Amino acid sequence: MQFNEMTIHELRRLLRAGEVSSQEVLEAVLARIDEVEGEIGAYLALCREEAFAQAQRADEMLSKGDASPLCGIPISLKDNFTTAGVRTTCASRLLENYIPPFDAAAAARLKEAGAVLVGKTNLDEFGLGSSTENSQFHCTRNPWDLSRVPGGSSGGSAAAVAAGEAVAALGTDTGGSIRQPAAFCGIVGLKPTYGLVSRYGVVAAADSLDHVGPMTRDVRDAALMLQAIAGWDPKDPTSARQDVPHYEAALTGNVKGLVVGLPRELMGDALDAEVKEAVFGAANLLESLGARVEEVSLPNVEYAMSAFYIIISAEVSSNLARFDGVRYGYRAAEAEDTVSMFIKTREALGQEAKRRILMGTYFLQAGNYDAYYLKALKVRTLIKEDFEKAFQRCHVMISPTTPTAAFSFGHKTATPISMYKSDIYTCTANLAGIPALTVPCGYTQGGLPIGLQFMGKPFEESTILRIGHAYEQHAGLPVRRPEMEVKANG
Ligand code: GLN
């Protein structure tokens, strides 16, 4: 196996043993990028030179023997993490030439741990979308089937990891943007508890829903990445003062006695038959490993998607107001006065961002505020209470991550609601703030990956990582790589 296809923990062993250097691993990743990036389009920017300097530093750290598990590992970041001196666009024309003067907290922590930043990955503009088709620069293709989307909005990060163009990546998840693309690309994605990982320096879509988390090849790697980025940050006012446990130590392989809830409302009609079968198959496997699976109910989740899109639009309309041509990025050149300059500048936003601003402004208007926004907040509280009640009966819950496997380009762009429905199983965890993990659990007849979602109690990442890892170890999924991999390797 090539170095660029290995997991963090496999590379950790080789790097520590001196069997490979960080620079060699980086070379393998960059060679792969040269080979497939033209077809995949995972990246918006590559940082070759800086990466070699970082890899050299990592090799020095490794030679001193005091290296963290991420030392020397080539990673990529979604392009809504600010990176000092490296262009950060959010896939928007408005930030096309924006070079931030500082690193996002999560990026800084990875750097400190010795990780090597390969590049910044594609996304739906400002994280708004489920297919990466809303990037204003280019589309990203799913490595498993180039005619299909990689999911979104962290589609570039997911495709990069799946195609061997990075060993691991960070994404952001406001309604499913880590988990849905991870499921579509056959990798692991974790949205932690709200407040566990600092969002300082992440360009906000919706503050009450945005989360930062890892996208990796397996569950152990997700634990290692989370370890590096979790923990209190005084620069993020929503950051939780919470002890961070040792996540890798939780991966015992033992799930005996765990009660696994299967919410009946998340196994409904929207679900593709093959996905449903894969989830039931996973439930059976967990039982055979000594867990007890019980049906539970989340009566208000049927309103989750509606509440979610009201809240996200309201917050987006407020957050995107700062892109006005004055403070950051692009400014329309030919405008007679300030107001027409604002207007012309903001015309450069893409269609989905404009749609969210219009919807959000509408929901927040006097007269509509109570009927939409306030009601959505009440529904959010009810959903949170549903989870609290259900978690009195079970330790974790499982569900599909997405209603279907990856869809084709253009399939959902004409009808925004059908695109929005991609988040039907994921956005509930953002509304409730609870941790949720997706792990591959099978393939469709057509050979596309399917994701299984584990949801846990607040700050119990260790439990979902433990069960996700045990599942992964025993699932016995045939080891498959994206078809293009096979082609590329002859
Ligand atoms: N797909 C959802 C949206 O379009 C959520 C995006 C996200 O999680 N960033 O808003």
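In the block above lies the structure referred to throughout.
Figured I'd write up the structure that's included with this text. Since this is a predicted model, take the numbers as computed values, not measurements.

Quick notes on the site of the ligand
In the vicinity of the ligand, 14 residues are found, and the nearest of them are T174, G175, S177, R356 and D423. The contact in question runs from a nitrogen atom of the ligand to an N or O atom on the side chain of S153, over 3.4 Å. The contact in question runs from an oxygen atom of the ligand to an N or O atom on the side chain of R356, over 2.7 Å. About the coverage of the ligand: the protein hides 99% of its 290 Å² of free accessible area. Class assignment for the residues of the shell around the ligand results in three nonpolar, eight polar and three charged.

Digging into the side chain of D324
Positionally, D324 belongs in the loop between helix 9 (304-319) and helix 10 (338-346). Of the residues examined, D324 reaches a relative accessible area of 10% and is grouped as buried.

Some details on helix 4 (residues 105-112)
Restricting attention to buried positions, one finds in helix 4 the residues A105, A106, A107 and L110. Buried residues in helix 4 make contact with strand 2 (74-78), strand 4 (168-173), strand 6 (211-216) and helix 7 (219-229).

Some words on unusual backbone geometry
Along the chain, G152 connects to S153 via a cis peptide bond; the corresponding omega equals 10°. Relative to the helices and strands, S153 is located in the loop between strand 3 (116-121) and helix 5 (155-162). With phi around 55°, C90 is a residue other than glycine that occupies positive phi space. Tracing the backbone through its elements, the reader meets C90 in the loop between strand 2 and helix 4. In this structure, T132 is a non-glycine residue whose phi angle is positive, near 65°. When you line up the elements, T132 lands in the loop between strand 3 and helix 5.

Quick look at the environment of Q453
Summarising the element assignment, Q453 is placed in strand 11 (residues 449-456). Under the relative-accessibility criterion, Q453 is labelled buried at 0%. Spatially, the C-alpha atom of Q453 lies 6.6 Å from that of A436, the residues being 17 residues apart in sequence. Leaving out residues up to four positions away in the same chain, Q453 has contacts with R179, M397, I398, S399, P400, T401, Y425, T426, A436, L437 and T438. Side-chain polar atoms of Q453 contact the side chain of R179, separated by 2.7 Å.

So, the nonpolar core
Grouped burial of nonpolar side chains is what soluble globular proteins tend to show. With 136 residues, the main nonpolar core has L110, F454 and L465 as its most contacted residues. Counting residues per element, this core draws most heavily on helix 9, at nine residues. Ignoring any residue separated from it by four or fewer positions in sequence, one finds L110 in contact with L70, I75, L77, A115, L170, M225, A228 and I229. Counting twelve residues, the second-largest nonpolar core is a separate cluster that includes W144, A182, C185 and I187.

Looking at the sheet that holds strand 5 (residues 188-191)
One open sheet accounts for eleven strands, arranged 1-3-2-4-6-5-10-11-9-7-8; its pairing is mixed. Strand pairing shows two members of the sheet lacking a second neighbour, strand 1 (43-46) and strand 8 (292-296), which therefore form its edges. For this sheet the average axis-to-axis angle between neighbouring strands, irrespective of direction, equals 30°.

Section: the pairing of strand 4
For strand 4, the tally of buried residues reaches six of six residues, placing the bulk of the element in the interior. In strand 4, alternate side chains face the same way, and those of A168, L170 and T172 on one face and A169, G171 and D173 on the other are all buried. Pairing analysis gives three bridges linking strand 2 to strand 4, with the strands arranged parallel. The residue of strand 4 that forms the bridge with I75 is A168. Two strands pair when backbone bridges link them, and strand 4 and strand 6 are joined in this way by five bridges, in the antiparallel orientation. When the bridges of strand 6 are listed, A169 appears paired with M215.

Focus on the packing of aromatic side chains
With the rule as written, the count across this model stands at twelve aromatic pairs. Note on F126 and F323: the rings are 4.9 Å apart at their centroids and 35° apart in plane angle, and the pair reads as tilted. Linking F126 in the loop between strand 3 and helix 5 with F323 in the loop between helix 9 and helix 10, this pair joins segments that are 197 residues apart in sequence. A relative accessible area of 4% means that F126 is categorised as buried. When the ring of Y362 is compared with that of F363, the centres are 6.0 Å apart and the planes differ by 70°; the resulting orientation is edge-to-face. For F363, a relative accessible area of 10% puts it in the buried group. The rings of F308, Y309 and Y420 are connected pair by pair, giving a single aromatic cluster.

Here is what the cut-offs are and how they apply
Residues numbered from 1 in each chain as written. Predicted model: local features only at pLDDT ≥ 70, side-chain atom pairs only at ≥ 80, totals over all residues. Heavy atoms only, no water. Near = heavy atom within 4 Å. Polar contact = N/O pair within 3.5 Å; in protein donor to acceptor, adjacent residues only side chain to side chain. Areas by Shrake-Rupley, 256 points an atom, 1.4 Å probe, with all protein chains shown as cover. Nonpolar A, V, L, I, M, F, W, Y, C, P; charged D, E, K, R; others polar. Helix = DSSP H or I, 4+ residues; strand = E, 2+ residues; numbered from the N terminus. Buried < 20%, exposed > 50% of the residue type's maximum accessible area, 1.4 Å probe, protein only. Contact = heavy atoms within 4.5 Å. Core = buried A, V, L, I, M, F, W, Y, C linked by side-chain atoms within 4.5 Å. Pairing = 2+ DSSP bridges. Axes fitted to C-alpha atoms, helices over the stretch in contact; angles between N-to-C directions. Phe/Tyr/Trp six-rings, centres within 6.5 Å; stacked < 30°, edge-to-face > 60°.

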